[in-house]
Amino acid sequence: MSQFSGPSDLGDEERDALEALLFRMADDEYVAAERYIEWQIYAPTLESDLALANVAQDEYGHARLWYDLLQDLGYEEEELIWERPPEEWTHATLVELETESGDWADTMLRTYLYDTAEQLRMEAIVDSSYAPVCDRVGKVLAEESYHREHAQNWLDRLADEGDEESFARVQAALDRLFPHALTLFAPGPHEEDILEFGFRTETLSDLRTEWLEIVVPYLESLGLDVPEPDEVEPVRTTGRNGDHTDDWFDLYEDFTATYRQLDFDKPTTLRGEGA
Amino acid sequence: MSADEFEGSEFESEACAYTDYSSGEAHEQYPKTGESATGVERKVWDALYEVEDPEMPVSIVDLGLIYDVRVVDDVAHVEMTLTYTGCPARDMILNDVRCAALAAGVADAEVTLRYSPPWNVEMVTEDGKRDLREFGLSV
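The shown structure was predicted, so the numbers you read here are calculated from the model rather than taken from an experiment.

1. A short note on the overall build of chain B
Here is step 1 of the chain: When helices and strands are tallied, chain B shows 4 helices and 3 strands.
Here is step 2 of the chain: Looking at the 139 residues of chain B, the share that counts as buried comes to 48%.
Here is step 3 of the chain: When the accessible surface of chain B is totalled, it reaches about 6700 Å², and 47% of it is carbon and sulfur.

2. Details of empty space enclosed by the protein
Residue and element names in this part refer to chain A.
Here is step 1 of the chain: Overall, the coordinates contain 1 cavity of 30 Å³ or more when judged by the stated rule.
Here is step 2 of the chain: If you add up the space inside the largest cavity, you get close to 80 Å³.
Here is step 3 of the chain: If you go around the largest cavity, the residues you meet are Arg24, Asp28, Tyr114, Ala117, Glu118, Arg121, Leu184, Phe185, Arg200, Leu204, Leu207 and Arg240.
Here is step 4 of the chain: Of all the elements in the fold, those that place two or more residues in the lining of the largest cavity are α1 (12-36), α5 (104-123) and α9 (204-221).
Here is step 5 of the chain: Looking at the lining of the largest cavity element by element, the count peaks at 4 residues for α5.
Here is step 6 of the chain: The residue makeup of the lining of the largest cavity, split by class, is 6 nonpolar, no polar and 6 charged.

3. Thoughts on the state of the cysteines
Here is step 1 of the chain: Counted under the stated rule, the structure contains 0 disulfides over all chains.
Here is step 2 of the chain: Unpaired in terms of disulfides, Cys87 of chain B finds its nearest cysteine sulfur in Cys99 of chain B, a separation of 17 Å.

4. Concerning the packing of aromatic side chains
Here is step 1 of the chain: Applying the stated criterion to the full structure yields 22 aromatic pairs over all chains.
Here is step 2 of the chain: Considering the side-chain rings of Tyr30 of chain A and Trp89 of chain A, the 5.8 Å spacing of their centres and the 50° angle between planes classify their relative orientation as tilted. Placement of Tyr30 of chain A in helix α1 and of Trp89 of chain A in the loop between α3 (77-80) and α4 (93-96) is noted, with a sequence separation of 59 residues between them. Per residue, the accessibility class of Tyr30 of chain A equals that of Trp89 of chain A, and both read buried.
Here is step 3 of the chain: Centre to centre, the rings of Trp82 of chain A and Tyr259 of chain A are 6.0 Å apart; their planes meet at 20°, and the pair counts as stacked. Separated by 177 residues along the polypeptide, Trp82 of chain A in the loop between α3 and α4 and Tyr259 of chain A in helix α11 (residues 257-261) bring together distant segments of the chain.
Here is step 4 of the chain: Members of the aromatic cluster, each reached through a chain of ring pairs, are Tyr30, Tyr60, Tyr67, Trp82, Trp89, Trp248, Tyr252, Phe255 and Tyr259 of chain A.
Here is step 5 of the chain: In this structure, Arg84 of chain A is placed above the aromatic ring of Trp89 of chain A, and the distance from its NZ or CZ to the ring centre is 4.1 Å.
Here is step 6 of the chain: A cation over a ring is seen here: Lys32 of chain B above Tyr30 of chain B, with NZ or CZ 5.5 Å from the ring centre.

5. Thoughts on a negative patch on the surface
Residue and element names in this part refer to chain A.
Here is step 1 of the chain: A cluster of acidic side chains, namely Asp12, Glu13, Asp16, Glu192 and Glu196, defines a negative patch on the protein surface.
Here is step 2 of the chain: Among the elements that line the negative patch, the one with the most residues is α1, at 3 residues.
Here is step 3 of the chain: Tracing the sequence through the fold places Glu192 in helix α8 (residues 191-196).

6. Considering helix α10 (residues 246-255) of chain A
All names here are of chain A.
Here is step 1 of the chain: Among the residues of α10, Trp248, Leu251, Tyr252 and Phe255 are the ones counted as buried. Along the axis of α10, the buried residues cluster in a sector spanning 105°; they form a single face. In α10, the exposed residues that point more than 90 degrees away from the buried face are Asp246 and Asp254.
Here is step 2 of the chain: Lining the buried residues of α10 we find α1, α4 and α11.

7. Some details on the pairing of strand β1 (residues 66-72) of chain B
Residues and elements named next belong to chain B.
Here is step 1 of the chain: Inspection of the sheet shows β1 paired to strand β2 (residues 75-80) by 6 bridges, in the antiparallel sense. Along β2, the bridge assignment pairs Arg70 with His77.
Here is step 2 of the chain: Taking the residues between adjacent antiparallel strands as the criterion, β1 and β2 are bridged by 2 residues, where Asp73 takes a positive phi near 50°.

How each quantity is defined
- Residues numbered from 1 in each chain as written.
- Chains lettered and ligands numbered in written order.
- Predicted model: local features only at pLDDT ≥ 70, side-chain atom pairs only at ≥ 80, totals over all residues.
- Heavy atoms only, no water.
- Helix = DSSP H or I, 4+ residues; strand = E, 2+ residues; numbered from the N terminus.
- Buried < 20%, exposed > 50% of the residue type's maximum accessible area, 1.4 Å probe, protein only.
- Areas by Shrake-Rupley, 256 points an atom, 1.4 Å probe, with all protein chains shown as cover.
- 1 Å grid on protein atoms, 1.4 Å probe; cavity = no way out; pocket = protein on both sides within 12 Å on 5 of 7 lines; lining within 4 Å.
- Points joined across faces, edges and corners; volume = space filled by probe spheres on them.
- Nonpolar A, V, L, I, M, F, W, Y, C, P; charged D, E, K, R; others polar.
- Disulfide = S-S within 2.5 Å.
- Phe/Tyr/Trp six-rings, centres within 6.5 Å; stacked < 30°, edge-to-face > 60°.
- Lys NZ or Arg CZ within 6 Å of the ring centre and 35° of its normal.
- Patch = residues over 30% accessible without salt bridge, like charges linked within 9 Å, V, L, I, M, F, W, Y side chains within 5 Å.
- Salt bridge = Lys/Arg side-chain N within 4 Å of Asp/Glu carboxyl O.
- Lys, Arg positive; Asp, Glu negative; His and termini not counted.
- Charge placed at Lys NZ, Arg CZ, Asp CG, Glu CD.
- Arc of directions from axis to C-beta.
- Contact = heavy atoms within 4.5 Å.
- Pairing = 2+ DSSP bridges.

Here's what the structure looks like:
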């Protein structure tokens, strides 16, 4: 039985910590999906186009699961997405970086690094003290495994079985993305309270260690040179406190453009909804 | 839900192994069909039977999406799930369900989403499987 069955069981401090956790998870998924869908119509084959569209659809679905729980806490959709100032988003910089033009290796490596961390993070909330989180996490775990399978399948082809150029592209993507991937484990607001109240049951530092134990041997098995994690120069902005790269502010302008142009005062609703 | 969720049950190739939703675990308490419901709750279940999945001619009750129906103080509380989290028809289905419950004659209706236990094809009723087969899916 979870300690907190719903919003009414939360005091102010618990609520702030839970919100920080939910925003972090939702924003990661949402922004990752925004970058994936930029490949639509450009992916190298029809099948890979469909596969990536499908991965993006899942990530939007997962973002929605966590944004839903924020709505239960009183937020409206426009406050969560369309009108939230870009400097209040707390996703990792890994998911916001502009994809190098035409670089499929970048997206496949990014998916692999992100989804491996995602799996570990979901396992760390299976026993969350907040019941609505527990209710949802099983469904996410069930939908995530084939994302990694898809990315690894491509990385095997590009790096292990590919030619010099494809290998060099994966290596370049790894050098570029790895420091940003480490921001997946950078602390954000209320991190201590998130653990103290049991919303997540593992520390970020433990998650980082587990992640490195999975991704480093795998990438090395493909012949890649993995940067030494403790010697990587930390990126200036982690995303986790709302500080982001310029790429994010451009992306934000793009995906909120239609909302602003149409001058909605609320996201659209269905005919008869709320009747 | 989309038809390709059922691919795996027909094509057993390695490549599609992960879409084999037919291998999900059966769950003791599901599907829920409101079999023993009476009174207003019976009427709500009957109304929900009339709501079809937006992509396939099968009732959402037979599809196994409804997890609970309770009527308290003339307000219907419906708990349901979706086949997958990225379902683009979520708002449409929730709205259809709410309208159906209202049409059963309650003063108000609330629909809540739940994701435990996670839906799988074993939650489809025998009638639902028959409808899906008629539609051309192998379940």
